[in-house]
Amino acid sequence: MQAIDPITLAVLAGRMEQIADEMDATLFRAAFNPIIAEAHDASHGLYSSVNGDTLVQGKSGLPIFVGVMAFAVKAVIDKAAADGDLEDGDVYIFNDAHLGGTHLSDMRLVRPYFRDGKLFCYLASVGHWHDVGGAVPGNYNPAARDAFQEAFVLPPVKLVRGGALQNDILDILMRNTRLPQSAEGDLNGQLGALDLGVKRLDALLDEYGPETVKAALDALGDRAETLMRSELAALPDGRWEAEDFLDNDGITDTPLPIRVALEITGDRMVLDFTGSAPAVAGPVNIALPTTVACAYVAIKHIFPDLPANAGVMRPIEVKVPDGSMLSAEFPAPTGGYTETILRMIDVMFSAAAQVAPDRVVAHAYGTINALSIAGQRGGKPWVMFSFYGGGHGGSSTGDGLNHGNAPISTATIPPMEILEAAYPVVFRQWALRPDSAGAGAQRGGLGAVYEIELLEEEATGFLFGERGRFPPQGVAGGETAAVNRFSYEQTDGWHEPPMASKMLGISLKKGQRVRLETPGGGGYGPASERDPALVARDVAQGYLSAEAATEHYGAAWQEIAQ
Amino acid sequence: MKMIGVDVGGTFTDVFVLNESTGTAEVNKVPTSRPDQSGGFLDGIGQRVPDLSEVGVVVHGTTAGTNALLERKGARIGVITSAGLRDVLEMRRRDRPRTWGLRGNFDPVVPRDLRLEVPERTLADGTIDTPVDLDAVRAAAQRLLDQGCLAVAVLFANAYANPANEAAATEAIRAIWPNPHVSSSAEILPEIREFERFSTTALNAYLQPEVSGYLARLDSALREGGFGGEFLIVGSNGGVMEAETAADRPVRTALSGPAAGVMAAAHIATSAGFPDVITGDVGGTSFDVSLIAGGESVLAPQTSIDFGMVVRAPMIEITTIGAGGGSIAWVDKGGLLNIGPESAGSTPGPVCYRQGNTRPTVTDANLVLGRIDADNPIGGKLDRLDVEAATQAIATHVGDPLGLDPIMAAEAILRVANSRMAGAIRLVSIERGHDPKRFAFMPFGGGGALHAGAMLAEVGLARAIVPRYPGVTSALGCVIADMRHDFVQTINAATPTLDAAALGGVMQDHLDRGAALLAAAGSEFERRSHVVELDMAYAGQTHTVAVPLEVTVQGGHVIAPDRCQIDAAFDAAYHATYGRVLKTGLRRVINLRSAVIGHRPKFDLRALAPEGGTIEAARRGTRQVHFGDSWYETTLYDRLSLPVGAEIDGPTILTQPDTTVLVEPGLTARVDDFGNTILEAKANDI
């Protein structure tokens, strides 16, 4: 390997990150569907020609994609090796979540990049398409028993062969989505992003030469590894365990354990998920790539300054036994993967907090709470579908954020007025939820209360959530937050779902309401160490009731309040 | 008569005086006074124009609003809002401050106990679901007054669709509120999206007491000095407004100064024959980039002043990255050189200022390489800069960890900083769908012209244009800016069922209100114009396309466009953005946006050009300056003394009191007819 001088390395690091960022920007601007254009549910990067490892990834895409993309590229590398026909100008496309991680809505495009007739690296683009067939528009089907009920499943195939678009592949794709115009727009945007990446890489290699750029990529991976190793070496050796539970899989009402043993030896770490639940019938399974990517997300939240490349994961081994819910085989349904990886992040935080409490925040609210209300208006169907927010965990540096987004995402919530304008509902409450935060020296952030009233004659609702039975936990002696609570109004009064935060087929009449009270974040450090003045402030501001304040923090705050 | 532009920045107050009778101009720069900025403002004018009765117009670019927001120094205010919605301001759009780490918190400008709910509700279609309880409103207002609130914001759900409840509440509050600081969300921003509307309105209320007091102090001090003319404020949209309007709508001044700078850049560049230009302002902590295409700056619909502090109002789009002169260079544990985001700012400032900072900055690197003059620091605050301390800091924090001598380490710092700045320029162009290569680069601010050559090389731009007075660009922009008033109204209708006549009625209302504001102003306008745009999308999409409409006005009456014209305009705009249209898509009109513009006479920028002079007479000796990997004996020139048409090959340095223009080897500097310096590749190098 050619040695590279530190100035060139620093400049090239920025230039290559920029290529990925520009690919992100190209797709965000060109994408038709708002999930990509506005929520930025997409990602781009440069990947190893040998094993698909992430070399550089854009900063604007969703956190969970950092880490999962490598598997998409690896799937293409395997496919191309089996077929033996990889050539310059090819673009592969697929959405198979068991090969590429996450879920079937994420369409992955992978393009080999050749220089002087030799494969140099891969470029890839992933974006969440609006619809990819399956039983339910938008592909969020909590009742799915297998991948086929979730969406049209596409394995890696050549969409572009040596620069020529394969129209028959395009036809198959467009015939398998309810929104072909949207899909075509997104596809063009992704192809455009890959084109731009090729153009920028050409210019970079012209300027610096492939050897230098290759040396820089190697050095950046090594440097990320060095950074990770130095962080791990600074921590004591040992083994720390943590467990938490999913309420159920939506089909059988049995708690599902997620367990991790975090073991540090010198500058290496093992994350062993042995003891977690076996694969289940409902859509809370995840494929192995998602599990590894999720480990990466947790690590990057704990060490936020680490770069986004595969070097970080070299000293880390992720162990999952075969047959686990965390290594589910095709065609197990994976549509609800978000709930499972949120719980995995929680247990990794709990385990890490035992060895490095300063580096770790307490559990966030831990569920995306996919709530859908659907009906007919003027003979036309309508579906209001959204994810709802909750509190972030407390940390050594402060209280948790009130009403944040999920750790795996950066998506914002649609405005209430946009929802009310588009659907026949009115929000009677859109508020913070007092007493929902976990107590602690630094308390968690507050969850939220959303109360929605139906304005049309009738509608049906479904909720796919979690944390209905097992609350977000505190760390370093902090306390748990409130559990997720969902209730719905019927002619005989308010009800709660038999399976806590999951329910299909809730039938609503005009004037009836549903009420979602989301968890706060867990607390950090013992509640007894919280400054009573802050407790008094929280009571005065209505974040905390007087009773709960005294129960968790003792009576010291009352003197200050007077 | 004289026309004066004053830009008050964090460190300096800049003054630009245009003598309209003689067509001549002069500039001044004084330290910004703190905490009351009016002292520096008046000094800066007084030093150039002792008799204020000679002044016809004073135009002010202000950071009073920005600073109050960033430092959370606005007034104690309260909020009165719809039942169930008191927390919208605190819940934001469910975002977080940083992607990674899950740390960080948000304190809204109005604490929860001062956010009061009253029974009332309007639905999205404008139907009143619950009439407003005015007794509850009055009781809430009284409670806020008892709590010491100086201003109040009225924030009702769906008030954009029907403001009746909110207007009734606002009227009831105004009847008992002891000052004019009552902001209503539908008056400030009748646009769908409650958080953005509530936030903009609450921040307006938060700024009103402070900004209106500040402007009133300035106004009376000017009048006492004999000033009898018009006092105007630059808005974030790059247009000016009456000081009274600004006192009522201070949230519209959030980016006042920087907006004026971009307006000046557009005018200077277009006059010089380069209507496509990207500006780059190198400040103490940041590099601010803005794009001007075809002489027009780009307006962004909203910005976040800080996490969760959203202002939705048309504003000049400025992209900021944390790479300024004070940005700190450091080597991370993995051995990689980084610049920023931490910054030494202007206090304590770079190591060479010797005010307590010991970590090297971009300015320190420029100093060590001889690119700035240690004996004549710009700005005039310090006597000299400490080269040795800067060299030592670079050696300790960058050179030693990387195995480089201090000179190469300083080069490394600049290369990485330049690369980041170039990245910002590329990204801004890509995001707007432009190829950056067809743009010229215009540096302004004190430090921008040190980095211009690097931007040409890194981005592949053909030339840079350094304005004659890059350090007072914003003050110059104040004098140039037109009067502009923006209006918005959410319409929310599919075009087949759109009531085109009603839409025309809203246009008429916007244009009438704009015309009234122009008429009320004392300014003389060369001409008046208007811009009418619709935010449109296909049904099911949430992101919109700006659709410009040609709207004719005859005898003061708007000829409203019909549905077919609107559909055609949307198709054209959509095609221009996405390269195609949908055959079956249902088109929706989300918002109507109008702007009414009073064009103020522009002065001829040739007034700024130097008269006479020779290159020889401008020569000021030489200095050793490091470029690439060697030192060059580099000739220095007094930039302002160079004659029109002068051409000087790099390496050379052109100095003026507040700016250093670095001309690297391989570049030529040419003084154009306006006194701008054009940097291009040497002819024989092309």
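The model shown is predicted, which means the values in this text are computed figures rather than measured ones. (Residues numbered from 1 in each chain as written. Chains lettered and ligands numbered in written order. Predicted model: local features only at pLDDT ≥ 70, side-chain atom pairs only at ≥ 80, totals over all residues.)

Caption draft 1: Summary view of the pairing of strand β10 (residues 268-272) of chain A. All names here are of chain A. Side chains Met269 and Leu271 of β10 all project onto a buried face; the interleaved residues Arg268, Val270 and Asp272 project onto a face where none is buried. Of the strand pairs in this sheet, strand β9 (residues 256-265) and β10 are connected by 5 bridges, and their pairing is antiparallel. Bridge pairing in β10 links Leu262 to Leu271. The antiparallel hairpin formed by β9 and β10 contains 2 residues in its connecting segment, where Gly266 sits at a positive phi of about 60°. Between the parallel elements β10 and strand β11 (residues 316-319), the chain passes through helix α9 (residues 288-302) in a crossover that is right-handed. (Buried ≥ 20, exposed ≤ 12 C-beta atoms within 10 Å, placed from the backbone. Helix = DSSP H or I, 4+ residues; strand = E, 2+ residues; numbered from the N terminus. Pairing = 2+ DSSP bridges. Right-handed = clockwise from strand over helix to strand, strands pointing away.)

Caption draft 2: Representation of the sheet that holds strand β15 (residues 448-454) of chain A. All names here are of chain A. The strand order across the open sheet built from 5 strands is β14-β15-β20-β17-β18, with neighbouring strands paired in antiparallel fashion. One side of each edge strand has no neighbouring strand; the edge strands of this open sheet are β14 (425-432) and β18 (493-495). Neighbour-to-neighbour, the strand axes of this sheet turn through a mean angle of 15°, independent of strand direction. Relative to strand β20 (residues 513-517), strand β17 (residues 485-490) runs antiparallel, the two sharing 4 bridges. Within β20, the position partnered with Arg485 by the bridge is Glu517. (Axes fitted to C-alpha atoms, helices over the stretch in contact; angles between N-to-C directions.)

Caption draft 3: Representation of the packing of helix α12 (residues 406-431) of chain B against helix α13 (residues 452-459) of chain B within the structure. Residues and elements named next belong to chain B. Where α12 meets α13, the axes come as close as 9 Å, and the angle between the chain directions of the two elements is 60°. Comparing their axes, α13 and α12 come out oblique. Here α12 and α13 pass one another in a crossing that is right-handed. In this structure, α12 contributes Asn418, Ser419, Met421, Ala422, Ile425 and Arg426 to the contact, and α13 contributes Ala454, Met455, Glu458 and Val459. When the residues that make up the contact of α12 with α13 are grouped by side-chain class, the tally is 6 nonpolar, 2 polar and 2 charged. (Parallel < 35°, antiparallel > 145°, perpendicular 65-115°, else oblique. Left-handed = near helix turned anticlockwise from the far one by under 90°. Contact = placed C-beta atoms within 7 Å. Nonpolar A, V, L, I, M, F, W, Y, C, P; charged D, E, K, R; others polar.)

Caption draft 4: A look at the sheet that holds β10 of chain A. Residues and elements named next belong to chain A. Spatially, the 4 strands line up as an open sheet ordered β8-β9-β10-β11, and their pairing is mixed. The outermost strands of the open sheet, each flanked by one partner alone, are β8 (238-246) and β11. Here the average twist between neighbouring strands, direction ignored, is 15°. The pairing of β8 with β9 spans 9 bridges and is antiparallel. Directly across from Leu246, in β9, lies its bridge partner Leu256. Sheet strands touched by helix α10 (residues 337-355): β8, β9 and β10. Its angle to β8, the strand with the most contacts, is close to 150°.

Caption draft 5: Representation of the domain arrangement of chain A. Residues and elements named next belong to chain A. Looking at chain A, the domain boundaries give domain 1 (6-225) and domain 2 (361-530). Look at where the C-alpha atoms of domain 1 and domain 2 centre, and you get two points 33 Å apart. Listed as interface residues are 11 residues of domain 1 and, on the opposing side, 12 residues of domain 2. Among the residues forming the side of domain 1 that touches domain 2, the class breakdown is 8 nonpolar, 2 polar and 1 charged. (Domains from an automatic or database assignment.)

Caption draft 6: Looking closely at the packing of helix α1 (residues 6-30) of chain A against helix α8 (residues 210-233) of chain A. Residues and elements named next belong to chain A. Remark: α1 packs on α8, axes separated minimally by 10 Å, with the N-to-C direction vectors making an angle of 85°. Classified by the interaxial angle, the pair formed by α1 and α8 is roughly perpendicular. Counted together, Thr8, Leu9, Leu12 and Ala13 of α1 and Thr212, Val213, Ala216, Ala219 and Leu220 of α8 form the full contact between these two elements. A class-by-class count of the residues in the contact of α1 with α8 yields 7 nonpolar, 2 polar and no charged.

Caption draft 7: Region of interest: the nonpolar core. Counting residues in hydrophobic clusters, the biggest one holds 397 residues, and the most contacted among them are Met348 of chain A together with Phe16, Val152, Ala269, Ile413, Met455 and Ala464 of chain B. Ranked by residues supplied to this core, first place goes to α12 of chain B with 14 residues. (Core = buried A, V, L, I, M, F, W, Y, C linked by C-beta atoms within 7 Å.)

Caption draft 8: The interface of chain B and chain A, seen in detail. Taken residue by residue, the interface counts 55 residues in chain B and 63 residues in chain A. Going through the elements one at a time, α3 (88-91), α7 (194-224) and α12 of chain B are the ones with two or more residues in the side of chain B that touches chain A. Per-element tally for the side of chain B that touches chain A: the top contributor is α12 of chain B, with 10 residues.

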